[in-house]
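An overview of the molecular structure
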Amino acid sequence: MLNKLQQKWNVSSVQLLLILCTFAVTGSSTAVISRYITSWVGFDEQTFWLWKLLLRIFMLVFGYQVILMIVAFFFGQFPFFWNYEKKILRRMGVIKPGKAKLAIFASGKGSNAEKIIQFLENHNNIHVSLIVSNKPTAGVLDIASRFNIPTLLIDRKKFMESDEYVQIIKNQGITHIILAGFLLKVPDNLIQAYTNKIVNIHPALLPAYGGKGMYGEHVHQAVIQAGEKESGITIHLVDEEYDHGKTLFQAKVEVFPNDTPDTLAEKVHRLEHEHYPKVIEKWVSRTS
Ligand code: GRF
């Protein structure tokens, strides 16, 4: 149960503990404060029941949320709970989703990047604003120039060992990062700057066939060698471990006895193109 929550919220065990403490302290504080307010406004047994009910509803709907944010602040969990509050307010239609600026990171030909760009081309709230690559010859850079999207060519060493690119990406106002065939491990400083705001697509059904060295053809080869009857795609949040963050979406394809890594790759690619743009749109809208 606790593990499930940790996965759902994509937080460490210490943060989960602090979040649960926040909820517990908020619950008891709200009860105490409600009692205090009840006596302060002079309500007693004779007071008309409707007034008491209205006060209780007011405390549950508004008071609780305010107390939650104050307690969250003291437990160092304000950002987590502020996102949670924004989600509720967005669902209630009180606040509109903010404009999201996406950076797509890719090292290869960029067929997924292209599908995402096309899908979001005329979107009101989501804009693909930057293409990041570590390979000067990557096809994704041609796609970026065809669609007039600025690019950032990164140096591996600087990317892994300094804050330089984190600052550049932040300064450009990027809100979400999309990995689409990006072959470098995302460094911890970037993950911390974009907690729960980086998504990846993996060409297999994680947790199987994931981890270091499991990319592209290697994945399909391993799936076929193991005689699997099905494979697929996993779209997941990115955390400090390879192919590990919370799964947002999975879809399956059948693996036939005569499939080769190439034919399987083709089927998986089709699945990626069909789903990745839509899942991104949903996830970004929910988290903006
Ligand atoms: C995809 O298969 C994706 O699952 C993996 O890298 C590949 C990228 O392909 N992470 P493309 O460059 O988008 O064509």
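Let me sum up the structure you'll find in this document. None of these values were measured; they are calculated from a predicted model.

**Considering the overall build of the chain**
- Regarding its fold elements, the chain presents 11 helices and seven strands.
- Oriented by its inertia axes, the alpha-carbon framework of the chain measures out at about 80 × 45 × 35 Å.
- Residues classed as buried in the chain amount to 41% of the 288 residues present.
- Within the chain, counting contacts between residues at least 6 apart in sequence, those at least 24 apart form 65% of the total.
- Of the accessible surface of the chain, which amounts to about 16400 Å², a share of 59% is contributed by carbon and sulfur atoms.
- Positive and negative charge centroids in the chain, built from 31 and 25 side chains respectively, lie 7 Å apart.

**Some thoughts on the nonpolar core**
- The biggest cluster of nonpolar side chains holds 40 residues, and the ones touching the most others in it are Leu-102, Ile-104, Val-128, Ile-131, Ile-178 and Tyr-276.
- Of all the elements, helix α11 (residues 261-286) adds the most residues to this core, at eight residues.
- The contact partners of Tyr-276, leaving out residues within four places of it in the chain, are Asn-112, Ile-116, Ile-178, Leu-179, Ala-180, Val-199, Asn-200, Ile-201 and Ile-235.
- Residues Leu-130, Val-132, Ile-154 and Leu-184 belong to the second largest nonpolar core, which totals 21 residues.

**Thoughts on the site of the ligand**
- Taken together, Lys-109, Gly-110, Ser-111, Asn-112, Gly-181, Ile-201, Pro-203, His-269 and Glu-272 form the complete shell of residues around the ligand.
- Residue Gly-110 places a main-chain N or O atom 2.8 Å away from an oxygen atom belonging to the ligand.
- At 2.5 Å, a side-chain N or O of Ser-111 approaches an oxygen atom of the ligand.
- Within the complex, the protein chains bury 85% of what would otherwise be the 370 Å² of accessible surface of the ligand.

**Here's the deal with the layout of surface pockets**
- What the largest pocket holds in volume is close to 1300 Å³.
- Trp-9, Asn-10, Phe-80, Thr-195 and Asn-196 are the residues nearest the centre of the largest pocket, which is lined by 43 residues in total.
- Contributions of two or more residues to the lining of the largest pocket are made by α1 (2-9), α4 (78-91), α9 (188-193) and α11.
- Sorting elements by how many residues they give to the lining of the largest pocket places α4 first, with nine residues.

**Description of the pairing of strand β6 (residues 230-237)**
- Taken across its eight residues, β6 has seven buried, putting it largely inside the fold.
- Sheet analysis places strand β5 (residues 198-202) next to β6, joined by four bridges and oriented antiparallel. Considered in β6, the bridge of Asn-200 is made with His-236.

**A closer look at a positive patch on the surface**
- Taken together, the side chains of Lys-8, Lys-87, Arg-91, Lys-282 and Arg-286 present a region of like positive charge at the surface.
- For the positive patch, the secondary-structure elements that each account for two or more residues are α4 and α11.

**A word on the environment of Asp-44**
- You can see Asp-44 is positioned in the loop between α2 (13-40) and α3 (49-74).
- Of the polar contacts made by the side chain of Asp-44, one reaches the backbone nitrogen of Gln-46; its length is 2.9 Å.

Definitions and cut-offs
- Residues numbered from 1 in each chain as written.
- Predicted model: local features only at pLDDT ≥ 70, side-chain atom pairs only at ≥ 80, totals over all residues.
- Heavy atoms only, no water.
- Helix = DSSP H or I, 4+ residues; strand = E, 2+ residues; numbered from the N terminus.
- Buried < 20%, exposed > 50% of the residue type's maximum accessible area, 1.4 Å probe, protein only.
- Contact = heavy atoms within 4.5 Å.
- Areas by Shrake-Rupley, 256 points an atom, 1.4 Å probe, with all protein chains shown as cover.
- Lys, Arg positive; Asp, Glu negative; His and termini not counted.
- Charge placed at Lys NZ, Arg CZ, Asp CG, Glu CD.
- Core = buried A, V, L, I, M, F, W, Y, C linked by side-chain atoms within 4.5 Å.
- Near = heavy atom within 4 Å.
- Polar contact = N/O pair within 3.5 Å; in protein donor to acceptor, adjacent residues only side chain to side chain.
- 1 Å grid on protein atoms, 1.4 Å probe; cavity = no way out; pocket = protein on both sides within 12 Å on 5 of 7 lines; lining within 4 Å.
- Points joined across faces, edges and corners; volume = space filled by probe spheres on them.
- Pairing = 2+ DSSP bridges.
- Patch = residues over 30% accessible without salt bridge, like charges linked within 9 Å, V, L, I, M, F, W, Y side chains within 5 Å.
- Salt bridge = Lys/Arg side-chain N within 4 Å of Asp/Glu carboxyl O.

Function cannot be inferred from these measures alone, as they are strictly geometric.
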